[in-house]
Amino acid sequence: MKALLPRDKLLPFLTEMSHKLEVVAPVLANEEEVFCTWTGQPLAFDENPLNPPTEFLIPHRETLFRYVQESGRYTFEEEPQKSRLVLGIRPCDLRAVAVLDRIFGAYPRDSHYLHRRRSTLIAAMNCTRPKESCLCAHLGSGPEAKDEYDLLITEIGSGYLVEAGSPAGILMLSDHSEFFLNATEAQLMEKDQLMKQAEEVVKSHSDVSLQKMRDTIKMADWESLGRECLSCGGCTFICPVCHCFNIVDLGVPDGERVRCKDTCILSGFSRMTSGTNPRRTQGERMHNWYLDKFEYIPQKTGLPGCVGCGRCGRVCLAEIDRWKLEAVR
Amino acid sequence: MEKIHTTCVYCGCGCGLFLHVEGGKVVGVSPSSSHPMSQGRLCIKGWLGAEFVNHPDRLKTPLVRRGERLLKAGWEEALSTITTKFKEIRDSHGPDSLGILTSAKGTNEENYLLMKLARAGLGTNNVDHVARLCHAPTLAGLSYSFGSGAMTNPISSLAKSDAILIVGSNTTEQHPLVAFHILRGKARGAKIIVVDPRITQIADLADIRLSPRPGTDIAWINCFLNLLIQEGLMDEDFISKRTTGFDEVREAVSKYTPKAVEEITGIPAQRLTEAAIAYGSADRAAIVYAMGITQHTTGTDNVQALANLALATGNVGREGTGVYPLRGHQNVQGACDMGALPDLYSGYQRVAQARQKFEQAWLKPLPEKTGLTALEMMAAAEEGNVKGLLVVGENPMISYPDTKKIKQALLSLEFLAVCDIFPTETTELADVVLPAASFAEKDGTFTSTERRVQLVRRALPPCGECRPEWEIISDLLSRFDVPTDYTSPADVMEEIASVTPIYGGVIYDRLGTDGLQWPCPSRDHPGTGILHAEKFSIGLAKFRSVEHREPIESTDEHYPLLLTTGRSLYHFHTGTMTRRTSLLDREIPGPYVEMNPEDAKKLGVRSDQKVVVESRRGQLCMDAKLTTDVPKGTLFVPFHFNEACANVLTGQAVDPQSKIPELKVTAARVRRAD
């Protein structure tokens, strides 16, 4: 099902949706694009926000349940999941969701993740104006969405071309038909043209490929790169695919079990109780991060563990070239 | 989910970040891309910066001591107990028997109100804070020499330097975002010279690395100057037009020959020459320093020696040049700016000169006598001269030298009130404990190490019955008959601006993302990035000759090793926040001592073995980490850990000028804990 949402109908449509569920969208906060709950703020579609929207599926920090002790017995309280529509997920991040679905959906299934995932509607947005740091086309994740969505939006001259990709998406369009017009053949062709151009732009940025990256990883001087790394963990915290977590119980006798993002860049991640660490140096830990992205996740899920969003390069405190992996210092 | 832009609570870098708030909790942190310091980056502490906010250990109600125990109480009871007790003490022993230690973790507004409370409320200048233990020598040294004790340039200026001399700063761990800008400079071709007894990461990445014996900095700095004079690498034009007193310095440094200095410092003469020339021949050279320079009995002279070096080479007042003292806490700069110091009002206005002005502004008579510094207050407490103390957001039991003496001092007090966000070793000794709102739960401003005044925004309401300190202090001010009508921190800033010329143009509406760098004297002033560009505020900058003096604490046959203390990347100060952050506490879960494998071999110590470290003041048991990153004869102990508090070992010998204790030099010995 394909339809056109005229520009002036976008806000009324979102307002209508926000009466039914929480709408998350890229907006300007402090003059910067961020994903957060939309309550009428101006939308910011120019740039993909630095912090990826996957945080609505795997938050940096979430309470799994509260434990309450009464007369020597424990009871457990879980908070209900919110229903959400996340608008403006770019194809790279959409690919990340696909990877996460395969990882958390594999046995043993992560019910907490799946709960959130099922409560989330995705209105993805094709990238018509990719940035310099974008590498999606080289890794097969964009700039046109290739993974499952409920709605897919492409900004074209006359408004937003909206395609439904799931039963929930079809319902969203049909239940709100007052906002939409029928999409014309010309508009569909305009979209194809825009996507072709965008792909060319991304491809002109560099010549990275999965295989090239694998070769680069083999050749890299990991010890030197490890000396340069400032151990901020930024690459792992910002990566839409990174999903490792730690679990802690906070509070005695009552309290909450909290799951928070972990990072394999820290030595404590792989250190054993005895103090032995199979990944002793920072270089070894960085190497492992790359192997996970380009070898292990593809083996496990059939999809690359890197979606080419370029965020790890943008946040790297040591400004290491994340693709060339050349030690400069 | 809401995202609120605010300023990081950890170090003096003052990074901009977003707090992600959902369901009344902080659920994540992300960096601000548009912020001039962070530029989309954070260090590991920043990324995990708000985990402690919702920690169950938070103090949530006021506590009042009943015998041995601290029991829950209401705000009225807690505040009226403080008021009654302080008034009693003041009436029977005079106002100078009271004192306040303010917080480098608090906002500018809170520090201003606390110093107002001390002076106008209690009637004493006994007000100080942790800057006494970190950059008091900077304030003394650079104020004398340049007319301002603050960082001369914005940090981003380092990326434009041709040479950067980094002294006694473990930059990648303590100020990671400063390291980011330094490494940008290096990528551009700047020569990096690191002087540190330890091989830190920044030392490892440096072009030239010098490892002096701790406490010998003046010797090698004077030697640099001597070499530059001989090589003709001075900026004679700058010296003659903009400075005074160089001849005396020229004369004094002449005896610091590389050979003589090699004897004192252990740095090979040739390396000294190489490093001096790298600094001196650069068109734009910068000096970055931290606690390795200041925490000595020669702290102020050390700073002066560096100032001499910068002045003699004309490396002040231009982009890429300058002197960069790196301040530890996110608002230790602001706490100093706000006059939380015993001899200065806000904006570094001397009590002796500005008293009348503040009396008119506050409508109260103000004390004349210079107050006591932090350690002097402790000594006075032990002697029974200071009887009542209010400590806000500080944990002297872990952070001050010679823990045993500090505990004795705090126990000698008639009345101790402590305001904090978590129970600490200091709140345990208190008579009244006040629960404060964390940085995520209040509005205000922090001033970063580059003089940038930035907004702190409330992201969620205070937990439990906690109140922001500015509210608590306002309440106390009225109880001490100082009229107040602040409805928000912005009102307090308005008052600050009206009495503090360097903050004259600071109002909340102007702060936005970039904040404002002081001096910003008026509302139409854009703030000042580079200080001393055209002229120094004191007219001509002053040279002062300084001589090498051995540290007061020295090694002997009983205590043959030199112990220095410091911090780790993964923890902050006394660990109240980082040790409650799961990943950080897992990374470095407990105390340790770093020692050289050769020393360890002599003592029969193996890696990760428990050892006892002893000094003339006490002993601690901890794990030994063997590493060649510390030179032979040297030990390094981080001071974050209450299980083995490094300051049990350190002493209270102080720099006579700035009263900073000699935290970087302690004679020690090690034995296996069998």
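Rules behind the numbers
- Residues numbered from 1 in each chain as written.
- Chains lettered and ligands numbered in written order.
- Predicted model: local features only at pLDDT ≥ 70, side-chain atom pairs only at ≥ 80, totals over all residues.
- Helix = DSSP H or I, 4+ residues; strand = E, 2+ residues; numbered from the N terminus.
- Rg over C-alpha atoms; globule rule 2.2 N^0.38 Å.
- Buried ≥ 20, exposed ≤ 12 C-beta atoms within 10 Å, placed from the backbone.
- Contact = placed C-beta atoms within 7 Å.
- Arc of directions from axis to C-beta.
- Domains from an automatic or database assignment.
- Nonpolar A, V, L, I, M, F, W, Y, C, P; charged D, E, K, R; others polar.
- Expected span 1.5 Å × (residues − 1).
- Bend = angle between axes of the 7 residues up to and from the residue.
- Core = buried A, V, L, I, M, F, W, Y, C linked by C-beta atoms within 7 Å.
- Pairing = 2+ DSSP bridges.
- Axes fitted to C-alpha atoms, helices over the stretch in contact; angles between N-to-C directions.
- Parallel < 35°, antiparallel > 145°, perpendicular 65-115°, else oblique.
- Left-handed = near helix turned anticlockwise from the far one by under 90°.
- pLDDT = per-residue confidence, 0-100.

### Notes on the overall build of chain A
1) Next: Counting its secondary structure elements, chain A contains 11 helices and 12 strands.
2) Next: In terms of overall dimensions, chain A is globule-like: its C-alpha atoms have a radius of gyration of 21 Å, near the 20 Å expected for 329 residues.
3) Next: If you line up chain A on its principal axes, its C-alpha atoms span 65 × 60 × 40 Å.
4) Next: Out of the 329 residues belonging to chain A, those deemed buried represent 43%.
5) Next: Sequence-distant contacts in chain A: of pairs separated by 6 or more residues, those separated by 24 or more amount to 70%.

### Regarding the overall build of chain B
1) Next: For chain B, the helix and strand inventory stands at 24 helices and 28 strands.
2) Next: On C-alpha atoms alone, chain B measures out to a radius of gyration of 24 Å, which is about the 26 Å that the 2.2 N^0.38 rule sets for 674 residues.
3) Next: Judged by the C-alpha coordinates and their principal axes, chain B covers about 70 × 65 × 55 Å.
4) Next: Across the 674 residues that make up chain B, the buried fraction comes to 65%.
5) Next: Residue pairs at least 24 apart in sequence account for 74% of intrachain contacts in chain B once pairs closer than 6 positions are excluded.

### Side note on helix 5 (residues 167–175) of chain A
All names here are of chain A.
1) Next: All of the buried residues along helix 5 are Gly169, Met172 and Leu173. Along the axis of helix 5, the buried positions cluster into a sector of 95 degrees, meaning they face one direction only. Exposed side chains of helix 5 directed beyond 90 degrees from the buried face belong to Pro167, Ser174 and Asp175.
2) Next: On the buried face of helix 5, the contacting elements are strand 1 (2–6), strand 8 (151–156) and strand 9 (159–164).

### Observations concerning the domain arrangement of chain A
Residues and elements named next belong to chain A.
1) Next: Looking at the assigned domains, one finds that chain A contains domain 1 (2–206) and domain 2 (211–315).
2) Next: Using only C-alpha atoms to locate each centre, domain 1 and domain 2 end up separated by 25 Å.
3) Next: If you look at the interface, domain 1 gives 32 residues, while domain 2 gives 27 residues.
4) Next: Where the side of domain 1 that touches domain 2 is concerned, the elements lending two or more residues are strand 4 (61–70), helix 2 (91–105) and helix 4 (136–139).
5) Next: Looking at side-chain class alone, the side of domain 1 that touches domain 2 contains 17 nonpolar, 9 polar and 6 charged residues.

### Quick notes on helix 10 (residues 282–301) of chain A
Residue and element names in this part refer to chain A.
1) Next: Here helix 10 is 20 residues long and its end C-alpha atoms lie 27 Å apart, about the 28 Å a rise of 1.5 Å per residue gives.
2) Next: Residue Asp292 marks the point of greatest curvature in helix 10, where the axis turns by about 50 degrees.
3) Next: Within helix 10, burial applies to Gln282, Gly283, Arg285, Met286, Tyr290, Lys293 and Ile297.
4) Next: Buried residues belonging to helix 10 abut helix 2, helix 7 (210–219) and helix 8 (222–228).

### Quick word on the nonpolar core
Residue and element names in this part refer to chain B.
1) Next: Residues Ile193, Ile287, Leu306 and Leu635 are the most contacted members of the largest nonpolar core, which totals 314 residues.
2) Next: Among the elements that line this core, the one with the most residues is helix 8 (residues 217–231), at 9 residues.
3) Next: When residues no more than four places from it in sequence are discounted, the contact partners of Leu635 are Leu561, Leu563, Val593, Glu594, Met595, Val613, Val630, Ala668 and Val670.

### What about the domain arrangement of chain B?
All names here are of chain B.
1) Next: Domains assigned within chain B are domain 1 (2–54), domain 2 (63–130 + 330–517), domain 3 (136–325) and domain 4 (561–672).
2) Next: A C-alpha centroid distance of 30 Å is found between domain 1 and domain 4.
3) Next: Taken together, the contact pairs 6 residues of domain 1 with 10 residues of domain 4.
4) Next: Taken together, the residues of the side of domain 1 that touches domain 4 sort by class into 4 nonpolar, no polar and 2 charged.

### Side note on the interface of chain A and chain B
1) Next: Facing 39 residues of chain A, the contacting portion of chain B comprises 39 residues.
2) Next: Secondary structure elements with two or more residues in the side of chain A that touches chain B: strand 3 (32–37), strand 4, helix 9 (234–238), strand 11 (245–250), strand 12 (255–261) and helix 11 (311–315) of chain A.
3) Next: Among the elements that line the side of chain A that touches chain B, the one with the most residues is strand 3 of chain A, at 4 residues.

### What about the sheet that holds strand 20 (residues 452–456) of chain B?
1) Next: Strand order across the open sheet formed by 3 strands is 19-20-21 (chain B), with antiparallel pairing between neighbours. Both edges of this open sheet fall to strand 19 (444–447) and strand 21 (516–517) of chain B, since each of them pairs with a single strand only.

### As for the packing of helix 4 (residues 136–146) of chain B against helix 14 (residues 299–312) of chain B
Residues and elements named next belong to chain B.
1) Next: At a minimum axis separation of 8 Å, helix 4 and helix 14 run at an interaxial angle of 40 degrees. Looking at the two axes, helix 4 sits oblique to helix 14. The handedness of the crossing between helix 4 and helix 14 is right-handed. Residue-level contacts link Pro137, Thr138, Ala140, Gly141, Leu142, Ser145 and Phe146 of helix 4 to Gly299, Thr300, Asn302, Val303, Gln304 and Ala307 of helix 14.
2) Next: In terms of residue class, the contact of helix 4 with helix 14 is made up of 6 nonpolar, 7 polar and no charged.

### Quick look at unusual backbone geometry
Residue and element names in this part refer to chain A.
1) Next: With omega at -5 degrees, the peptide bond leading from Tyr107 into Pro108 counts as cis.
2) Next: Along the chain, Pro108 turns up in the loop between helix 2 and helix 3 (111–118).
3) Next: In this structure, Glu31 takes a positive phi of about 65 degrees despite not being glycine.
4) Next: Relative to the elements of secondary structure, Glu31 occurs in the loop between strand 2 (22–29) and strand 3.
5) Next: Given 12 C-beta atoms within a 10 Å radius, Glu31 is considered exposed.
6) Next: Located in the positive-phi region is Ser231, a residue other than glycine, with phi close to 55 degrees.
7) Next: By secondary structure assignment, the location of Ser231 is in the loop between helix 8 and helix 9.

### Details of the environment of Asp509 of chain B
Residue and element names in this part refer to chain B.
1) Next: On the secondary structure map, Asp509 appears in helix 22 (residues 508–511).
2) Next: Take Asp509: there are 7 C-beta atoms within 10 Å of it, and that puts it in the exposed class.
3) Next: Along the backbone, Asp509 and Ala490 are 19 residues apart, and their C-alpha atoms lie at a distance of 9.2 Å.

### Details of the confidence of the model for chain B
1) Next: Mean pLDDT for chain B: 96, with 100% of residues reaching 70 or above.
2) Next: On the interface metric, ipTM, the complex scores 0.96, and its pTM is 0.96.

### A word on the environment of Met577 of chain B
Residues and elements named next belong to chain B.
1) Next: Relative to the elements of secondary structure, Met577 occurs in the loop between strand 23 (561–566) and helix 23 (582–587).
2) Next: Between the C-alpha atom of Met577 and that of Ala50, which follows or precedes it by 527 residues, the distance is 8.9 Å.
3) Next: When residues no more than four places from it in sequence are discounted, the contact partners of Met577 are Phe52 and Phe572.

### Here we look at the sheet that holds strand 12 of chain A
Hydrogen bonds along the backbone pair up the strands of a sheet, which may run parallel or antiparallel.
Residues and elements named next belong to chain A.
1) Next: With antiparallel pairing, 4 strands are arranged side by side in an open sheet as 5-4-12-11. If you trace the sheet from one side to the other, it starts and ends with strand 5 (73–77) and strand 11, each paired once. Shown here is a sheet whose adjacent strand axes are inclined to one another by a mean of 25 degrees, direction ignored.
2) Next: Summarising the sheet, strand 11 and strand 12 pair through 6 bridges and their orientation is antiparallel. Residue pairing for strand 12: Leu250 is matched across the bridge by Glu256.

### Here we look at the packing of helix 7 of chain A against helix 10 of chain A
Residue and element names in this part refer to chain A.
1) Next: Relative to each other, helix 7 and helix 10 sit at 150 degrees, their axes nearing to 10 Å. With respect to each other, helix 7 and helix 10 are oriented roughly antiparallel. Crossing of helix 7 against helix 10: the hand is left-handed. Contact residues: helix 7 offers Leu210, Met213, Arg214 and Ile217, while helix 10 offers Tyr290, Leu291 and Phe294.

### Here we look at the pairing of strand 27 (residues 634–638) of chain B
Residue and element names in this part refer to chain B.
1) Next: Judged by how many residues are buried, strand 27 sits mostly within the fold: 5 of 5 residues are covered.
2) Next: Burial along strand 27 is two-sided: the residues Thr634, Phe636 and Pro638 and Leu635 and Val637 are all buried.
3) Next: Here strand 23 runs beside strand 27; their pairing, made up of 5 bridges, is parallel. Residue pairing across strands places Leu563 opposite Leu635, the latter belonging to strand 27.
4) Next: Pairing analysis gives 2 bridges linking strand 24 (residues 592–595) to strand 27, with the strands arranged antiparallel. Within strand 27, the residue paired with Glu594 across the bridge is Phe636.

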